Amino acid sequence: ENVIASLSYDRTLKIWDLRQAEQVLSFDLKQKPFCSTANQTQVLIGLDNEQLIFLDWKDLFEQKNPTKQCLLSPLGEGSTLLSISFNIEGDKCAVATHNGLANVSSIFKGPDGKIRLKNEITVRGHQTYKDKMRDGLYPVHSIGFHPASTHFLYTVGGDGRIKFWDLNVKKLIV
């Protein structure tokens, strides 16, 4: 309750007690973190090797060596993660990348008890550009779910635009 978490390029997740102004936990991620999100029960961290790490808050505080579960980004290799978000229920996550793609996946536990992701939608988030060297998509710098209605998603792109998506019909609204 009275804690704050910080991520660093030194490859650590640190938990700080705000009442005592001291570090209470340091966790080695093994890779550089690029983005993160958290809800009441879990932490999701995007690493520089296109991996996602799921951590359980309860595990973090109760175990000296908490278990982490690593999954490949739903957008695969070459998809440097720039932003991650949980929906309000915590059963979906959205990821945004430098190569202009955004993805929403359902989160569930498989028969073995491990977290799995099921792709729901992948979109080309923002405009294309052309320069002397190549064509490409602008990066998606931020992604998130509407707080009251989780079938709405927003993306913010390097083209300077904010887009809103309806996940029920899998289309761009604005």
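Note that this is a predicted model, so its numbers are computed, not measured.

S.K.: Could you give an account of a nonpolar patch on the surface, with specific residues and numbers?
M.R.: Among the surface-exposed residues, Ile162, Phe164, Ile173 and Val174 lie close enough to one another that they form a single nonpolar patch of about 390 Å² accessible area. Its place among the elements puts Phe164 in strand β16 (residues 162-166). Relative accessible area serves as the criterion here: at 42%, Phe164 is assigned to the partly exposed category.

S.K.: Tell me about the side chain of Ser79, residues and numbers included.
M.R.: If you trace the backbone, Ser79 turns up in the loop between β7 (68-72) and β8 (81-86). Ignoring any residue separated from it by four or fewer positions in sequence, one finds Ser79 in contact with Glu50, Ser73, Thr97, His98 and Asn99.

S.K.: Please give an account of the packing of aromatic side chains that cites residues and values.
M.R.: Counted under the stated rule, the structure contains 1 aromatic pair. Ring geometry for Tyr9 and Phe34: centres 6.0 Å apart, planes at 20°, overall stacked. In this pair, Tyr9 sits in the loop between β1 (3-8) and β2 (12-17) while Phe34 sits in strand β4 (residues 33-38), placing the two residues 25 residues apart along the sequence. Residue Tyr9 is classed as exposed on the basis of its relative accessible area, which comes to 52%.

S.K.: Hey, could you go over the environment of Asn99 for me, with residue numbers and the actual values?
M.R.: Here Asn99 shows up in the loop between β9 (92-97) and β10 (101-109). In this structure Asn99 touches Gly78, Ser79 and Leu137, once residues within four positions along its chain are discounted. Side chain to side chain, Asn99 and Thr97 meet in a polar contact 2.3 Å long.

Definitions and cut-offs
Residues numbered from 1 in each chain as written. Predicted model: local features only at pLDDT ≥ 70, side-chain atom pairs only at ≥ 80, totals over all residues. Heavy atoms only, no water. Patch = residues over 30% accessible without salt bridge, like charges linked within 9 Å, V, L, I, M, F, W, Y side chains within 5 Å. Areas by Shrake-Rupley, 256 points an atom, 1.4 Å probe, with all protein chains shown as cover. Salt bridge = Lys/Arg side-chain N within 4 Å of Asp/Glu carboxyl O. Helix = DSSP H or I, 4+ residues; strand = E, 2+ residues; numbered from the N terminus. Buried < 20%, exposed > 50% of the residue type's maximum accessible area, 1.4 Å probe, protein only. Contact = heavy atoms within 4.5 Å. Phe/Tyr/Trp six-rings, centres within 6.5 Å; stacked < 30°, edge-to-face > 60°. Polar contact = N/O pair within 3.5 Å; in protein donor to acceptor, adjacent residues only side chain to side chain.

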